[in-house]
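In case you want the letters, here they are:
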Amino acid sequence: MIELQNLTKRFETPKGTFHALDQVSLSIEDGDIFGIIGISGAGKSTLIRCINLLERPEAGKILIDGNDITQYSERQLRTLRRNIGMVFQQFHLLMQLTILENVMLPMQIAGVPKANQRKKALELLELVGLLEQKDKYPAQLSGGQQQRVSIARALANDPKVLLCDEPTSALDPLTTSSVLHLLKDIHEKLGVTIVIITHQIEVVQKICNRMAVIDHAVIAEQGDVQTIFQNPQAQITKQLLGRVSWHV
Ligand SMILES: Nc1ncnc2c1ncn2[C@@H]1O[C@H](COP(=O)(O)OP(=O)(O)OP(=O)(O)O)[C@@H](O)[C@H]1O
Ligand SMILES: [Mg+2]
């Protein structure tokens, strides 16, 4: 279980202090597919980057299975990050490595023996439907295929949690659908908890069981997807659901 308690993140800018997260509290249960939705600049990426401390909040606690990771040493953090896979909008694959080598890389960094790296990477490429492309380079694949590789790579060290920052925002609607299908499939087969950031309400609707809405650095609303879709409370949620005009 991941619990964020009163997270505050500020950035110093030439124009003064900017609050990217303001007293953000959230709880994500094991096995959730948890959607975090908000418009551009709301603080979504900052929030997801706090979950593995790529971004360090000035105040608040991040409890993972009851342990406050803001108190972890660098060494403990390295171990923790191995248990948390990350998927990005722009894939972030290494272009000079083959697909297979890209998926092996996190295992290489973790010190897994070479033969095991290869075996596991081949299994993962099969899981994401790209086994036959294993010797190609990322530039030879479509965007949707590259995102599949980056999902396979994120699963390389058997993480318990997969953090996805706008995984489908660079993809067309059909490819989006197939990547969401894949994430759901992985959730069912591997039982990983998935946190997915998006500005697309369809993404939440299609695969999430729980959700939070973030607006100008604060959580506007959180709960079961069905409940929120049936009876949205916050104005921003109603806007995202298309129930009211943006220009009221
Ligand atoms: N390193 C930084 N320095 C200064 N301001 C920052 C920094 N990182 C983010 N911000 C600001 O914090 C706010 C939230 O940024 P964040 O990237 O979390 O938004 P987002 O919801 O992910 O937006 P998008 O949908 O465009 O990706 C933005 O206004 C952004 O300009
Ligand atoms: Mg973002």
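Basis of the calculations
- Residues numbered from 1 in each chain as written.
- Chains lettered and ligands numbered in written order.
- Predicted model: local features only at pLDDT ≥ 70, side-chain atom pairs only at ≥ 80, totals over all residues.
- Heavy atoms only, no water.
- Helix = DSSP H or I, 4+ residues; strand = E, 2+ residues; numbered from the N terminus.
- Contact = heavy atoms within 4.5 Å.
- Lys, Arg positive; Asp, Glu negative; His and termini not counted.
- Charge placed at Lys NZ, Arg CZ, Asp CG, Glu CD.
- Core = buried A, V, L, I, M, F, W, Y, C linked by side-chain atoms within 4.5 Å.
- Buried < 20%, exposed > 50% of the residue type's maximum accessible area, 1.4 Å probe, protein only.
- Domains from an automatic or database assignment.
- Near = heavy atom within 4 Å.
- Polar contact = N/O pair within 3.5 Å; in protein donor to acceptor, adjacent residues only side chain to side chain.
- Areas by Shrake-Rupley, 256 points an atom, 1.4 Å probe, with all protein chains shown as cover.
- Nonpolar A, V, L, I, M, F, W, Y, C, P; charged D, E, K, R; others polar.
- Buried area = accessible area lost by both parts, 1.4 Å probe.
- Salt bridge = Lys/Arg side-chain N within 4 Å of Asp/Glu carboxyl O.
- Axes fitted to C-alpha atoms, helices over the stretch in contact; angles between N-to-C directions.
- Parallel < 35°, antiparallel > 145°, perpendicular 65-115°, else oblique.
- Left-handed = near helix turned anticlockwise from the far one by under 90°.

Asks: Can you walk me through the overall build of the protein chain in this structure?
Replies: Across its full length, the protein chain carries nine helices and 10 strands. With the C-alpha coordinates aligned to their principal axes, the bounding extent of the protein chain is approximately 55 × 45 × 35 Å. Across the protein chain, the fraction of contacts at a sequence separation of at least 24, relative to all contacts at a separation of at least 6, is 65%. Within the protein chain, the 26 negative side-chain charges are centred at a point lying 5 Å from the centre of the 26 positive side-chain charges.

Asks: So what exactly am I meant to see when it comes to the nonpolar core here?
Replies: As a rule of thumb, soluble globular proteins bury nonpolar side chains together. Counting residues in each nonpolar core, the largest one holds 47 residues, and the members touching the most others are Leu125, Ile151, Leu162, Leu183, Ile194, Ile196 and Met211. Two domains each provide a minimum of three residues to this core, namely domain 1 (1-83 + 162-248) and domain 2 (93-158). What Ile196 contacts, discounting residues up to four positions off in sequence, is Ile33, Phe34, Gly35, Ile36, Cys164, Pro167, Leu180, Leu183, Val203, Ile207 and Cys208. Of all hydrophobic cores here, the second largest spans 28 residues; its members include Leu4, Leu47, Ile84 and Ile197.

Asks: Help me understand the site of ligand 1 in this model?
Replies: The immediate surroundings of ligand 1 are formed by 13 residues, with Ser40, Gly41, Lys44, Ser45 and Thr46 found nearest. Interatomic distance of 2.5 Å between a side-chain N/O atom of Thr46 and an oxygen atom of ligand 1. In isolation ligand 1 exposes 630 Å². Once the protein is present, 61% of that is buried. Looking at the shell around ligand 1, the elements with two or more residues in it are β1 (2-13), β2 (16-28) and α1 (44-51). Grouping the amino acids of the shell around ligand 1 by side-chain chemistry returns five nonpolar, six polar and two charged.

Asks: So what exactly am I meant to see when it comes to the domain arrangement of the protein chain here?
Replies: When the parts of a complex come together, some accessible area is lost, and that lost area is often taken as the interface size. Domain boundaries in the protein chain define domain 1 (1-83 + 162-248) and domain 2 (93-158). Each of domain 1 and domain 2 was reduced to a C-alpha centroid, and the two centroids are 25 Å apart. With 13 residues of domain 1 at the interface, the matching set in domain 2 holds 12 residues. If you sort the residues of domain 1 by the area they bury against domain 2, Arg82, Leu162 and Leu182 come out on top, with a joint share of 41%. The tally of links between domain 1 and domain 2 comes to zero salt bridges. For the side of domain 1 that touches domain 2, the element with the highest residue contribution is helix α6 (residues 173-190), accounting for eight residues.

Asks: Explanation requested: the packing of helix α3 (residues 99-109) against helix α5 (residues 143-154) in the structure shown.
Replies: How two helices pack is summed up by the angle between their axes together with the distance between the axes. Packing of α3 against α5 brings their axes to within 8 Å, and their N-to-C directions diverge by 30°. Between α3 and α5, the angle falls in the class roughly parallel. Of the two elements, α3 crosses α5, and the hand of that crossing is right-handed. Touching Ile99, Asn102, Val103 and Pro106 of α3 are Val149, Ala152 and Arg153, all from α5. A per-class count over the contact of α3 with α5 returns five nonpolar, one polar and one charged.

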